[in-house]
Amino acid sequence: MKSACFVLVAVIYLVPAGAIWPGLFDRLSQRVDTLAERIGADIDSSLKQTINPVVEQLSNKAHNVRESLGIWNRPFSPLSSGHPNPVIPPNPNLANQNEGSNPFDLGLSPLFQSFFDSTPQREWWKGPNICIEREEIDESKRSNSTILTSTQRPTTTEADGIVVDDELVPENSPKDDELKTRRKRQFSAHVRMSSCSDEGISYVCETKVRSNGIRKIYKTRYNCCYGTIREAGEFGCHAVELRSLQETVFALGGRSFLSLMAEAEVDPKFLNQNHTYFVPVDRSSPAPSDVANDVNTQNDMQETDVKQDDGVRLRRQAATIMRMDVEPSDMTEVRTVVRGHMVRGIYLTSNFRDEQLLETENSQAKIRINMYNAPARIYTANCVRLVSTNNYAHQGVIHMLDGVMKPATKTIAQLLESEPHFSSFRKLLREQDSALFSQPGQLTVFAPTDDAFAKLNPELRERLMKGQGCVHSVVEHHVLPNVICSTVIQGRARSTSLLGSSLLLERDLEGKLYVNGKLVITRDVVASNGVLHVIDGVLIPENARSFSQLLSSHNLTELARLVEAAGMAPMLDSLTNATLFAPNNYAIRSIPDEVKQSWMTNPEKLKQVLLYHLIQPGVRQAGLANNQMIETGLKGQSVRMNFYQSIPFFNASPLRASVQCGAVLRWEQDACNGNVHIIDRVMIPPENTITQWLANNRSFSIMTTLLKDTRLNEILNAEGTYTVLAPPDVAFYQMPEEVLSEITKDARKAANILKQHILPEHMCCSGFRGDWFTSNRRRTIDGSWVSLQRHLDGSLTAGDSHILACDQLALNGVIHVVDQVIMPKVNSLPFLSGTRRLGLPGMELILNHGK
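In short, a report on the structure.

Each value, and the rule that gives it
Residues numbered from 1 in each chain as written. Predicted model: local features only at pLDDT ≥ 70, side-chain atom pairs only at ≥ 80, totals over all residues. Heavy atoms only, no water. Buried < 20%, exposed > 50% of the residue type's maximum accessible area, 1.4 Å probe, protein only. Helix = DSSP H or I, 4+ residues; strand = E, 2+ residues; numbered from the N terminus. Arc of directions from axis to C-beta. Contact = heavy atoms within 4.5 Å. Pairing = 2+ DSSP bridges. Axes fitted to C-alpha atoms, helices over the stretch in contact; angles between N-to-C directions. Left-handed = near helix turned anticlockwise from the far one by under 90°. Core = buried A, V, L, I, M, F, W, Y, C linked by side-chain atoms within 4.5 Å. Salt bridge = Lys/Arg side-chain N within 4 Å of Asp/Glu carboxyl O.

## Observations regarding helix 8 (residues 245-252)
Within helix 8, burial applies to Leu245, Thr248, Val249 and Leu252. Projected onto a plane normal to the axis of helix 8, the buried residues spread over an arc of 95 degrees and lie on a single side. As for helix 8, its buried residues are in contact with helix 9 (255-264), helix 10 (268-271), strand 11 (275-280), strand 16 (384-393) and strand 17 (396-401). Immediately downstream of helix 8, the backbone of Gly253 shows phi near 95 degrees, a positive value.

Encoded structure:
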């Protein structure tokens, strides 16, 4: 017990004194009393006598600090009202509820305060004036039950070994019998996942139930009841003073809208019912968002008359928005606009859902609600920003807007069809695109005008108009899968198009909006299935380029020149779902001039070489495996993929890949009709087996003869996969004469030596590696080991010999030329024989054994 009390007192020295003296004596007394209750008679009375003087001293100090700091009269900031001067009477009970309730709540950081304050937070949603909405969603049917409202607090019961919340299960619901049946089951499978979130003005709990094929979601939302609000830290909600609609709108700055309602002679029966009103605020001059809802090609930043009366401005905007050829004095259409700002029923911001569509009193128009975190929560209605929310009146609730909304009566497809300056863009649309723009959804479309298409390169424009040049990719690059309103773009933001490409939206210092550098000349044209922005340029995505265009843009100019010489550019650009292994410029320049000259004089041979680099259908890195053979465009020829791993901490590239021993430098450069993998060598189709390749090269006459004598040539002439470390004749002449003479006469000894040079696998030079902890040892066909190493200076070794020439490809394997004959090891431990060089950048260790 002494140790427990010591902890309580020791806390004083861990917290700044000014932050903990007030109220600390109360806390210590309560802790001691609690411990006493728990321990009962076990607590020693002498211990209490020891603690009481300390508590009294703390009491005196706390009183002095409380008087000096005056920290108990802090005002609370409102949560629910967005108006700069909300008309909210003070709650007389609020100060009494909070005073002294948490002596540690002194504006400290949440982490610091929660560490030293173990007082449970008050669950405000269990206080007074709380209304509860319940919703049951059957995921198998996607149907919702009736929303129930209650002010009672929830209780819990036990059923089937789990807790079932009563607030999540409405009484007498259709699932009541089903629940009773499940309660009788003792061993039924039942999964229940619950989560709750406190949003300040509402508290939402969601429970997912999975039981014997039943998939349901129960949602419970705790809100302040109508006509009540809550302030920070308040337990429950308190009532506000309600006034008439006209008084509230007038106080909030919507006088022009009131005048427009009076002139439009709105039916009084509408005004006597509960509505949610979206009211434009008064301004001395029109904002860009007032005219942005009109589909036109004029710059949205051009000058307008700023001296007109607010009422006249609203009437003119209403006429412009409805695109009517009538005088502003004709109130028929204006009445329609006014009703388009009225929604039957009460919708607070806590009831809003992103992409929600609200039915207005104008039966043909809807209001689309969007919610953004940028980083503070922003609400928009038909892309017009809400500047003040949740303002109560006798006839409903009022949200103040930053401008007049355009009714969403047409789909995006209808908007594009109704305007002649989108004729070029409409030509690009396929049947699927038109259907997408016509069906319900939430899209953002950046629509280029005919003038924007006129700025394109004539050749590219012609291909697009003919349906070529990856038209579908170009269209998808102009479409976002969600609604993005211009009002939320401050500075720079990125979004992903339907194509999967990135679009950069940015606003400059003058307020102009750009998307990937193209000016948005008309913003926020709201449709029933999204929003449309008009731009002055066509957005061409990176992966919408043809193969020939991609080669030029990625500095593969040498390959592009060969493609043109072979006359293959039209064929490549017409392919679909193809992959091109593209040698870089250095690889092509490394080809001897006489070979390249022969290609130029024989286009058919050059075409065969290029087809050997073409794969159809296309392949991606994720779908490839080691030693995989891939059929090429050259009939009867395949290329081999290899992947070589190394320790990632000691190598810049932990996984190296090669195709026909050409290292893959860069993966998957997407084109509209496929992708391009950049490699470091030109792949030449092999024509000979390993034995034939050696026989055709005079420098390997001794090895060729020995292979015949030992009959190993039969192995290297058959189908299979082999790697041969081939010493030329000069390497054999470096051997002692008696050894060379012996192996030329004794086939058995010759076979023992030659088997040290043959590996039963395909090992390119890109597979050689050098790590501190690995020797990259590979088995030969006789079961012995040979170490294949890559050193810091770039040199390669196989055992004690150096590699002179890499990757001489044959039909059944690969040949590496070495500078000396590899002799069988005498030491039974392979890692202790021969020379081994290990190192990291800046340091290398050479081990020499067995000589």
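## Quick look at the pairing of strand 37 (residues 801-810)
As judged from the two bridges shared by strand 36 (residues 796-798) and strand 37, these two strands associate in the antiparallel manner. Of the residues in strand 37, the one forming a bridge with Ala798 is Ser801. Counted between consecutive antiparallel strands, the loop separating strand 36 from strand 37 contains two residues, among which Gly799 sits at a positive phi close to 65 degrees. Relative to strand 38 (residues 813-818), strand 37 runs antiparallel, the two sharing five bridges. What sits directly across from Gln808, in strand 38, is Ile815. Following strand 37, the chain reverses through two residues before pairing antiparallel with strand 38.

## Focus on the packing of helix 27 (residues 701-710) against helix 31 (residues 747-754)
Taken N-terminus to C-terminus, the directions of helix 27 and helix 31 make an angle of 120 degrees; their axes are 9 Å apart at the nearest point. For the crossing formed where helix 27 meets helix 31, the hand is left-handed. For the pair helix 27 and helix 31, contact is made by Met703, Leu706, Leu707, Asp709 and Thr710 and by Ala747, Ala750, Ala751 and Leu754, respectively.

## Some points on the sheet that holds strand 23 (residues 518-527)
Reading across from one edge, 19-18-24-23-22-21-20 is the order of the seven strands in this open sheet, with mixed pairing throughout. The strands lining the two open edges of the sheet, one partner per strand, are strand 19 (479-480) and strand 20 (492-496). Examined bridge by bridge, strand 20 and strand 21 (residues 502-507) share five bridges and lie antiparallel to one another. Pairing of Thr496 across the sheet is with Ser502, part of strand 21.

## Focus on the nonpolar core
Judged by nonpolar contacts, the single largest core of 45 residues is most densely connected at Leu551, Leu559, Val563, Met641 and Val659. When residues in this core are grouped by element, the largest group, five residues, is from helix 21 (residues 557-566). In terms of nonpolar packing, the next biggest core, distinct from the first, is built from 30 residues, Leu429, Ala447, Leu456 and Val474 among them.

## Section: the pattern of salt bridges
A complete count under the given rule lists 21 salt bridges for this structure. One salt bridge in this structure joins Glu136 and Lys216, with 3.2 Å as the shortest N-O distance. One end of the pair, Glu136, is in strand 1 (residues 130-138); the other, Lys216, is in strand 8 (residues 214-224), with 80 residues separating them in the sequence. On the accessibility criterion, Glu136 (10% relative accessible area) is buried. A residue is classified by how much of its surface remains accessible, and Lys216, at 7% relative accessible area, is buried. The closest approach of N and O atoms between Glu510 and Lys512, which form a salt bridge, is 3.8 Å. The exposed category is assigned to Glu510, whose relative accessible area is 58%.

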